[in-house]
Amino acid sequence: MKGMMLWSFLGKCWWHRSYCYPGSAFLLLVLRRSFVHVLSHNLCTVLNVPHDPVALEEHFRDDDEGPVSNQGYMPYLNKFILEKVQGNFDKVEFNRMCWTLCAKKNLSKSPLLISDEDAFKVWVIFNFLSEDKYPLIIVPEEIEYLLKKLTEAMGAGWQQEQFDHYKIALNTSREGLSAWELIDLIGSGQFSKGMDRQTVSMAINEVFNELILDVLKQGYMLKKGHKRKNWTERWFVLKPNIISYYVSEDLKDKKGDIILDGNCCVEALPDKDGKKCLFLIKCLDKSFEISASDKKKKQEWIQAIQTTVNLLRVGSPPPHKEARQKRKELRQKLLAEQEELERQMKELQTANENKQKELETVRKQLEAAAARAAEEEKKRLQTQVELQDRFSLELEREKMVRQKMEEQVAQKSSELEQYLQRVCELEEMYKQLQEALEDEKQARQDEETVRKLQARLLEEESAKRAELEKWHLQQQQTIQMTEAEKQELENQRMIKEQALQVAMQQLEQLELERKEALEQYEEVKKKLETAANNTKSWKDKVAHHEGLIRLIEPGSKNPHLITNWGPAAFTAAELEQRQKSWKGKKNTSE
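Model, not experiment: these values are computed from the prediction. (Residues numbered from 1 in each chain as written. Predicted model: local features only at pLDDT ≥ 70, side-chain atom pairs only at ≥ 80, totals over all residues. Heavy atoms only, no water.)

## So, the overall build of the chain
Then comes step 1: When you go through the chain residue by residue, the secondary structure sums to 15 helices and nine strands.
Then comes step 2: Taken over 590 residues, the chain has a buried fraction of 33%.
Then comes step 3: Long-range contacts, defined as pairs at least 24 residues apart, comprise 62% of the intrachain contacts of the chain with a sequence gap of at least 6.
Then comes step 4: Summed over its atoms, the accessible surface of the chain is roughly 38800 Å², and 52% of this surface lies on carbon and sulfur atoms. (Helix = DSSP H or I, 4+ residues; strand = E, 2+ residues; numbered from the N terminus. Buried < 20%, exposed > 50% of the residue type's maximum accessible area, 1.4 Å probe, protein only. Contact = heavy atoms within 4.5 Å. Areas by Shrake-Rupley, 256 points an atom, 1.4 Å probe, with all protein chains shown as cover.)

## Comments concerning a negative patch on the surface
Then comes step 1: A surface patch of like charges, here negative, comprises Glu513, Glu516, Glu519, Glu522, Glu523 and Glu529.
Then comes step 2: Tracing the sequence through the fold places Glu522 in helix α14 (residues 486-544).
Then comes step 3: Accessibility expressed as a relative area gives 37% for Glu522, which makes it partly exposed. (Patch = residues over 30% accessible without salt bridge, like charges linked within 9 Å, V, L, I, M, F, W, Y side chains within 5 Å. Salt bridge = Lys/Arg side-chain N within 4 Å of Asp/Glu carboxyl O. Lys, Arg positive; Asp, Glu negative; His and termini not counted. Charge placed at Lys NZ, Arg CZ, Asp CG, Glu CD.)

## A short note on the sheet that holds strand β7 (residues 287-291)
Then comes step 1: Taking strand neighbours across the sheet as the criterion, the seven strands line up as β4-β3-β2-β1-β7-β6-β5 in an open arrangement whose pairing is antiparallel. Each edge of the open sheet carries a strand with a single partner, namely β4 (254-259) and β5 (265-269). Across the sheet, the axes of successive neighbouring strands diverge by a mean angle of 35°, strand direction being ignored.
Then comes step 2: As paired strands, strand β2 (residues 231-239) and strand β3 (residues 242-246) are joined by five bridges and run antiparallel to one another. Each bridged residue has a counterpart across the sheet, and for Phe236 the counterpart in β3 is Tyr245. (Pairing = 2+ DSSP bridges. Axes fitted to C-alpha atoms, helices over the stretch in contact; angles between N-to-C directions.)

## Structural notes on the pattern of salt bridges
Then comes step 1: Tallied over the entire structure, the rule returns 23 salt bridges.
Then comes step 2: In this structure, the salt-bridge partner of Glu289 is Lys272, at a minimum N-O distance of 3.6 Å. Of this pair, Glu289 sits in strand β7 while Lys272 sits in the loop between β5 and β6 (278-282); the two residues are 17 residues apart in sequence, bridging distant segments of the chain.
Then comes step 3: Exposure remark for Lys272: the relative accessible area of 34% places this residue in the partly exposed category.
Then comes step 4: Salt bridges sharing partners connect three or more residues here, namely Glu142, Arg327 and Arg331.

## Remarks on the packing of aromatic side chains
Then comes step 1: Considering all chains together, one arrives at nine aromatic pairs under this definition.
Then comes step 2: Ring geometry for Tyr220 versus Trp235: centroids 4.7 Å apart, planes at 70°, classification edge-to-face. In this pair, Tyr220 sits in strand β1 (residues 217-224) while Trp235 sits in strand β2, placing the two residues 15 residues apart along the sequence.
Then comes step 3: Here Trp235 falls in the buried class, since its relative accessible area comes to 11%.
Then comes step 4: An aromatic cluster of at least three residues, connected via ring pairs, comprises Trp99, Phe120, Trp123 and Trp180. (Phe/Tyr/Trp six-rings, centres within 6.5 Å; stacked < 30°, edge-to-face > 60°.)

## Some words on the side chain of Ser130
Then comes step 1: With respect to the element layout, Ser130 can be found in the loop between α7 (116-129) and α8 (140-154).
Then comes step 2: At a separation of 3.3 Å, a polar atom in the side chain of Ser130 contacts the main-chain carbonyl oxygen of Asn127. (Polar contact = N/O pair within 3.5 Å; in protein donor to acceptor, adjacent residues only side chain to side chain.)

## As for the layout of surface pockets
Then comes step 1: Put simply, the second largest pocket is a space of about 510 Å³.
Then comes step 2: If you trace the second largest pocket, you find 15 residues lining it, with Lys133, Val139, Glu141, Arg331 and Leu335 closest to the centre.
Then comes step 3: For the lining of the second largest pocket, the elements supplying multiple residues, two or more each, are α8 and α13 (319-479).
Then comes step 4: By residue number, the principal contributor to the lining of the second largest pocket is α13, which donates six residues.
Then comes step 5: Broken down by class, the residue content of the lining of the second largest pocket amounts to five nonpolar, three polar and seven charged. (1 Å grid on protein atoms, 1.4 Å probe; cavity = no way out; pocket = protein on both sides within 12 Å on 5 of 7 lines; lining within 4 Å. Points joined across faces, edges and corners; volume = space filled by probe spheres on them. Nonpolar A, V, L, I, M, F, W, Y, C, P; charged D, E, K, R; others polar.)

## Some points on α7
Then comes step 1: Taking 1.5 Å of rise per residue, the 14 residues of α7 would be expected to cover 20 Å, and the 20 Å separating its terminal C-alpha atoms lies within 8% of that figure.
Then comes step 2: A large share of α7 lies buried, amounting to 12 of its 14 residues.
Then comes step 3: Taken residue by residue, α7 has Asp118, Ala119, Phe120, Lys121, Val122, Trp123, Val124, Ile125, Phe126, Asn127, Phe128 and Leu129 as its buried positions.
Then comes step 4: In this structure, the buried residues of α7 make contact with α6 (91-106), α8, α10 (179-187), α11 (197-211) and α13. (Expected span 1.5 Å × (residues − 1).)

## A few points about a nonpolar patch on the surface
Then comes step 1: Residues Leu341, Met345 and Leu348 make up a contiguous nonpolar surface patch of about 320 Å² in total accessible area.
Then comes step 2: Within the secondary structure, Leu341 is located in helix α13.

## Comments concerning empty space enclosed by the protein
Then comes step 1: In this structure the tally under the stated criterion is five cavities of 30 Å³ or more.
Then comes step 2: Of the volumes computed, that of the largest cavity is approximately 100 Å³.
Then comes step 3: Lining the largest cavity are 13 residues, and of these Leu147, Leu150, Met154, Ile186 and Ser192 sit closest to its centre.
Then comes step 4: Taken together, the elements giving at least two residues each to the lining of the largest cavity come down to α8, α10 and α11.
Then comes step 5: It is α8 that provides the largest number of residues to the lining of the largest cavity, a total of four residues.
Then comes step 6: Its residues assigned to classes, the lining of the largest cavity shows nine nonpolar, four polar and no charged.

## Re the nonpolar core
Generally speaking, nonpolar side chains in soluble globular proteins are found buried as a group.
Then comes step 1: Within the largest apolar cluster, 62 residues are counted, with the highest numbers of intra-cluster contacts made by Trp99, Trp123 and Ile183.
Then comes step 2: Sorting elements by how many residues they give to this core places α7 first, with nine residues.
Then comes step 3: Two domains share this core, each providing at least three of its residues, namely domain 1 (1-106) and domain 2 (111-214).
Then comes step 4: Every residue in contact with Ile183, bar those within four places of it in the chain, is listed here: Trp99, Leu107, Leu112, Ile114, Ala119, Val122 and Trp123. (Core = buried A, V, L, I, M, F, W, Y, C linked by side-chain atoms within 4.5 Å. Domains from an automatic or database assignment.)

In structure tokens, the structure reads:
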């Protein structure tokens with residue numbers, strides 16, 4: 001069957017190019033060069049692709065004689081024809097060309113109840129319903145679907161029992177039917193007994209229109225014109241995205257199209273102008289008033305158009321294509337489940353055989369183990385007494401070791417408690433030592449404050465003494481003045497003596513403040529000595545406790561001078577420098 005074998009190169013190319021149209025499966029396998037030219041030209045014409053004979057000659061220039069195989073023709077077909085197809089070609093004409101090439105050699109010679117045109121339509125339907133693998137077959141589920149559609153179109157009852165017997169006989173011999181066997185089955189009238197040729201032909205044509213031409217509904221209705229507003233009978237054909245209307249059902253004179261999309265809607269209209277069973281199709285640019293022959297036809301058309309618009313809104317394919325895809329997915333799912341079940345059965349069978357082998361091995365091992373156990377029982381009885389004696393000795397030894405360990409644990413616990421108590425005592429001593437250091441620090445701060453106060457008082461005293469000396473020098477200078485100025489000087493002296501008395505009073509007040517500061521210094525000194533004694537006592541205690549803490553002692557101080565009013569606020573060098581300064585001022589004033 002040469003036509004069937006070409007599916008492996010032309011049909012697969014067609015599927016891989018995503019045009020998904022398997023009618024090209026029935027071209028000839030072995031082609032001669034003269035036939036290649038004709039076939040290529042016809043393919044380009046049908047597929048609306050420009051033909052390039054020069055490219056064909058260039059591709060096969062090394063094959064001047066002999067047949068051209070599909071391995072040689074396939075790259076040319078792939079590159080120069082199928083890659084250029086845009087999808088705007090007549091698929092029925094393409095199928096008809098393929099049918100012309102293969103029908104004569106493969107169609108049965110026995111008389112059939114269907115015409116050649118009906119056989120062609122059955123062949124195209126087979127291409128639509130067949131499985132996507134080589135060799136092409138139609139499975140029993142799709143055969144049942146097709147026969148049901150034909151029976152329904154003929155208005156007859158479906159004989160399920162008869163088909164079940166046929167299906168059982170078919171499954172025992174093969175997986176499905178080829179295209180020519182399907183034509184023989186329908187042409188034999190096995191499932192259309194009592195039906196004449198015209199009824200069968202009409203049923204095949206109706207199923208062909210639905211499955212292949214995507215005709216969802218068709219029939220005569222009246223249409224209202226847009227300009228003249230007259231009513232004219234037209235033959236309407238509903239497809240997934242368009243409604244075409246013709247003069248008659250032969251589809252030769254097309255009068256117009258109604259483009260459908262998701263924005264269209266259909267609604268019933270009340271009877272008017274003597275017309276009944278009216279409904280309106282609303283589109284974006286136009287609206288169409290249509291009158292059906294009766295209420296049933298009106299409802300069928302409204303429902304069919306509304307269903308088509310709903311499918312366009314959700315982007316779903318036509319019902320028959322969606323149903324075919326679902327049947328295909330169901331078959332694939334059942335096939336996968338069946339393969340999975342077979343795989344699991346094989347695994348279970350393999351696992352069962354492995355278990356049997358394992359059980360046999362275990363049985364032998366148990367027998368050997370029983371023999372070994374009898375021998376080992378004798379040895380065990382002999383060694384049991386020895387083991388009991390050994391265990392008794394080891395138990396006594398373990399008891400002694402355990403007793404020693406408990407004594408060591410008790411001793412370590414006592415030492416730990418003593419160590420923790422000692423740590424607590426040291427922490428307490430550390431806190432008390434910190435408090436003593438704080439007291440000493442505060443005493444030193446008080447001492448520093450008193451020292452600054454004494455220094456300020458001494459500076460004020462020295463300033464007063466310098467002022468008194470200055471006034472004394474001024475008095476001596478005034479004595480040497482003229483007698484004319486003596487009275488005036490005397491008055492000034494009296495004023496200065498009064499000022500001197502005031503200064504003496506201030507000096508006495510400063511003396512009292514110095515004495516109070518000295519008393520405060522003595523108190524601070526006593527506090528410092530007490531803090532130093534406390535620090536010393538704590539230092540001895542810390543030294544007694546293994547030298548864990550070392551006291552921070554204040555640094556050494558320079559020796560202080562002692563004046564008539566107590567300890568001086570400056571060193572001997574500073575005092576010597578101040579004496580030199582006073583002597584220099586005294587000599588200058590004299």
